[in-house]
Amino acid sequence: MIGFVRCELLIYDVQSLKAKRSVLKSIHTKIKQRFNLSIAETDFHDVWQRAELSMVTVSNDRAVCERELQKALALIDSQPEAERTVTEFEWL
C-alpha cells in the first residue's frame, strides 16, 4: 500500500523566499527525523507565503500508512509559522 498526501500551507510573517525556505526546512527536518516518510515541496516555489508539500509512505497495511501520514500532518499543524489549508489523500 502506498499512501500519498498533498497539503497546501500558508506561511505567515515571512517577507522573502529565504524566510519561507527556513520555515519549510524546519518542517522537513522534523518530519524526516520522526517518521518513515518522504517529503518534498511540490508547488508554489516562487510565492513567499504559500507552499505545497507532498508526503509519501509505503507499507503492507493501509492503517499503518494512514497513521504515519496523520502524525506528520499533526506535526505540521503544531507549527505556529504555518497553517495547513487544502489536504488531499491518495491510496495506491
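Structure first, text after, so check above.
This write-up is about the structure you can find in this document.

What counts and how
- Per chain, residues are indexed from 1 in the order of the written sequence.
- Residue-level local features of this predicted model are given only where pLDDT is at least 70; pairs of side-chain atoms are given and counted only at 80 or more, and the full residue set underlies all totals for whole chains, interfaces and linings.
- For the side-chain quantities, the full set of heavy atoms in the structure was used; hydrogens and water were omitted.
- Helix and strand assignments come from DSSP, with helices taken as H or I runs of at least 4 residues and strands as E runs of at least 2, each series counted from the N terminus.
- We compute the radius of gyration over the C-alpha atoms and compare it with the globule rule, which gives 2.2 Å times the number of residues raised to the power 0.38.
- Working definition: with a 1.4 Å probe on protein chains only, accessible area under 20% of the residue-type maximum means buried, over 50% means exposed, and in between means partly exposed.
- In what follows, a contact means two residues having at least one pair of non-hydrogen atoms within 4.5 Å.
- A 1.4 Å probe and the Shrake-Rupley method give the accessible areas. Residues count as covered only by the protein chains that appear here.
- In this charge count, Lys and Arg are treated as positive and Asp and Glu as negative; neither His nor the chain ends contribute.
- Lysine's charge is taken at NZ, arginine's at CZ, aspartate's at CG and glutamate's at CD.
- Whether two aromatic rings pair depends on their centres lying within 6.5 Å, for rings of Phe, Tyr and Trp, where Trp uses its six-membered ring; planes under 30 degrees apart make the pair stacked, over 60 edge-to-face, and the rest tilted.
- Under this scheme, a helix contributes an axis fitted over its contacting stretch, all axes are lines through C-alpha atoms, and angles between N-to-C directions fall in the 0 to 180 degree range.
- Put simply, a crossing is left-handed when the front helix is turned counterclockwise from the back one by less than a right angle, and right-handed when it is turned clockwise.
- Three classes are used: nonpolar for Ala, Val, Leu, Ile, Met, Phe, Trp, Tyr, Cys and Pro, charged for Asp, Glu, Lys and Arg, and polar for all others, with Gly counted as polar.
- A pair of strands is considered paired only if DSSP assigns at least 2 bridges between the two.
- Buried residues of nine kinds, namely Ala, Val, Leu, Ile, Met, Phe, Trp, Tyr and Cys, make up a nonpolar core once their side-chain atoms join them within 4.5 Å.
- Definition used for salt bridges: Asp or Glu carboxyl oxygen within 4 Å of a side-chain nitrogen of Lys or Arg.

1. Quick word on the overall build of the protein
Now for step 1: When helices and strands are counted, the protein shows two helices and four strands.
Now for step 2: Its C-alpha atoms give the protein a radius of gyration of 13 Å, within 12% of the compact-globule value 12 Å for 92 residues.
Now for step 3: Once the C-alpha set of the protein is aligned to its principal axes, its extents read approximately 45 × 20 × 15 Å.
Now for step 4: The burial tally for the protein puts 38% of its 92 residues in the buried class.
Now for step 5: In the protein, once contacts between residues fewer than 6 apart in sequence are set aside, the share between residues at least 24 apart is 68%.
Now for step 6: Surface accessibility of the protein: about 5,400 Å² in total, with carbon and sulfur atoms responsible for 50%.
Now for step 7: Positive and negative charge centroids in the protein, built from 13 and 14 side chains respectively, lie 6 Å apart.

2. Some points on the packing of aromatic side chains
Now for step 1: Under the criterion given, the structure shown has one aromatic pair.
Now for step 2: Ring geometry for F89 and W91: centres 6.1 Å apart, planes at 10°, overall stacked.

3. Concerning the packing of helix α1 (residues 17-34) against helix α2 (residues 62-77)
When two helices pack together, their arrangement is given by the angle between the helix axes and the distance between those axes.
Now for step 1: One can describe the packing of α1 onto α2 by two numbers: an axis separation of 10 Å at closest approach and a directional angle of 145°. The hand of the α1/α2 crossing is right-handed. For the pair α1 and α2, the contacting residues are I27, K30, I31 and R34 in the first and A72, L75 and I76 in the second.
Now for step 2: Residues that form the contact of α1 with α2 fall into these classes: five nonpolar, no polar and two charged.

4. Some remarks on the sheet that holds strand β3 (residues 50-58)
Now for step 1: Strand order in the open sheet made by the four strands is β2-β3-β1-β4, with antiparallel pairing throughout. The open sheet has two edge strands, β2 (38-43) and β4 (82-91), and neither has a second partner. Pairwise comparison of adjacent strand axes, ignoring direction, gives a mean angle of 25° for this sheet.
Now for step 2: Summarising the sheet, β2 and β3 pair through five bridges and their orientation is antiparallel. Each bridged residue has a counterpart across the sheet, and for S38 the counterpart in β3 is V56.
Now for step 3: The strands touched by α2 within the sheet are β1 (2-11), β3 and β4, with β4 carrying the most contacts at an inclination of about 170°.

5. With respect to the nonpolar core
Now for step 1: In terms of nonpolar packing, the biggest core is built from 21 residues, with I11, I27, I31, L37, L53, M55 and I76 touching the most fellow members.
Now for step 2: Taken together, the elements giving at least two residues each to this core come down to β1, α1, β3 and α2.
Now for step 3: Ranked by the residues each element gives to this core, the list is headed by α2, at five residues.

6. Notes on the pattern of salt bridges
Now for step 1: Scanning the model with the defined rule gives six salt bridges in all.
Now for step 2: A salt bridge links E88 to R6; its shortest N-O distance comes to 2.8 Å. Placement of the pair is E88 in strand β4 and R6 in strand β1, with a sequence separation of 82 residues.
Now for step 3: For R6, a relative accessible area of 25% puts it in the partly exposed group.

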